[in-house]
Amino acid sequence: MESLIKFVQDEFVTTKDFPEFSAGDTITVYYEIREGEKVRTQFFRGVVLQRRGTGSSETFTIRKMSGTVGVERIFPINLPALQKVEVNKRGKVRRARIFYFRNLTGKKARIKEARRK
């Protein structure tokens, strides 16, 4: 049954071509907001906490600070409203899911920049 689901997802779900990013990277996600008849583009810039799932059901979680309040948002990779993803900084972290980042404040909440290509 799982192979049938995987086959249908691979064949019929269109995948978007986004740059490679992982936990610890600072990215900007541009997505469409529909307000009645109007459509506008909004962006969300923050640190990637995790990438989860595989294939068309993959999601990623981004966290940003809005004043003193932390805001997290989960985006599906194949969300039709997603326009583009920009990688602003590559972070050097030792885990795939950096949930400990939620508890850090001030200078401790900085992530070293990685020297990736």
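See the structure above.
Here is what the cut-offs are and how they apply
Residues numbered from 1 in each chain as written. Predicted model: local features only at pLDDT ≥ 70, side-chain atom pairs only at ≥ 80, totals over all residues. Heavy atoms only, no water. Salt bridge = Lys/Arg side-chain N within 4 Å of Asp/Glu carboxyl O. Buried < 20%, exposed > 50% of the residue type's maximum accessible area, 1.4 Å probe, protein only. Patch = residues over 30% accessible without salt bridge, like charges linked within 9 Å, V, L, I, M, F, W, Y side chains within 5 Å. Areas by Shrake-Rupley, 256 points an atom, 1.4 Å probe, with all protein chains shown as cover. Lys, Arg positive; Asp, Glu negative; His and termini not counted. Charge placed at Lys NZ, Arg CZ, Asp CG, Glu CD. Helix = DSSP H or I, 4+ residues; strand = E, 2+ residues; numbered from the N terminus. Contact = heavy atoms within 4.5 Å. Pairing = 2+ DSSP bridges. Axes fitted to C-alpha atoms, helices over the stretch in contact; angles between N-to-C directions.

**Some points on the pattern of salt bridges**
Taken as a whole, this structure holds seven salt bridges when the rule is applied. Between Arg-51 and Glu-58 there is a salt bridge; the shortest N-O distance is 2.8 Å. In this structure Glu-58 comes out as buried when scored by relative accessible area, which is 15%. For the salt bridge of Arg-63 with Glu-72, the shortest nitrogen-to-oxygen distance reads 3.0 Å. Of the residues examined, Arg-63 reaches a relative accessible area of 14% and is grouped as buried. Of the residues examined, Glu-72 reaches a relative accessible area of 32% and is grouped as partly exposed. Shared partners join several salt bridges into a network, and the residues in it are Arg-63, Glu-72 and Arg-102.

**Here's the deal with a positive patch on the surface**
On the surface, Lys-92, Arg-94, Arg-95 and Lys-112 cluster together to form a positively charged patch. Judged by relative accessible area, which is 86%, Arg-94 ranks as exposed.

**Points about the side chain of Thr-61**
Among the structural elements, Thr-61 can be located in strand β3 (residues 59–66). Accessibility expressed as a relative area gives 4% for Thr-61, which makes it buried. Those residues in contact with Thr-61, other than ones at most four positions away along the chain, are Val-47, Val-48, Leu-49, Gln-50, Glu-72, Arg-73 and Ile-74.

**Describing the sheet that holds strand β2 (residues 38–52)**
A sheet is described by the order of its strands in space; here five strands give the open sequence β4-β3-β2-β1-β5, paired in antiparallel fashion. With partners counted over all chains shown, the strands left at the sheet margins are β4 (69–76) and β5 (82–89), one partner each. Along the sheet, successive strands turn relative to each other by an average axial angle of 40°, direction set aside. Here 10 bridges tie strand β1 (residues 26–35) to β2, and the two strands are oriented antiparallel to one another. Its bridge partner being in β2, Glu-32 is matched across the sheet by Thr-41.

**Thoughts on the pairing of β1**
The loop that links β1 with its antiparallel partner β2 comprises two residues; one of these, Gly-36, has a positive phi angle of about 70°. For β1 and β5, the ladder comprises six bridges, and the chain directions are antiparallel. Bridge pairing links Val-29 to Val-85 in β5.

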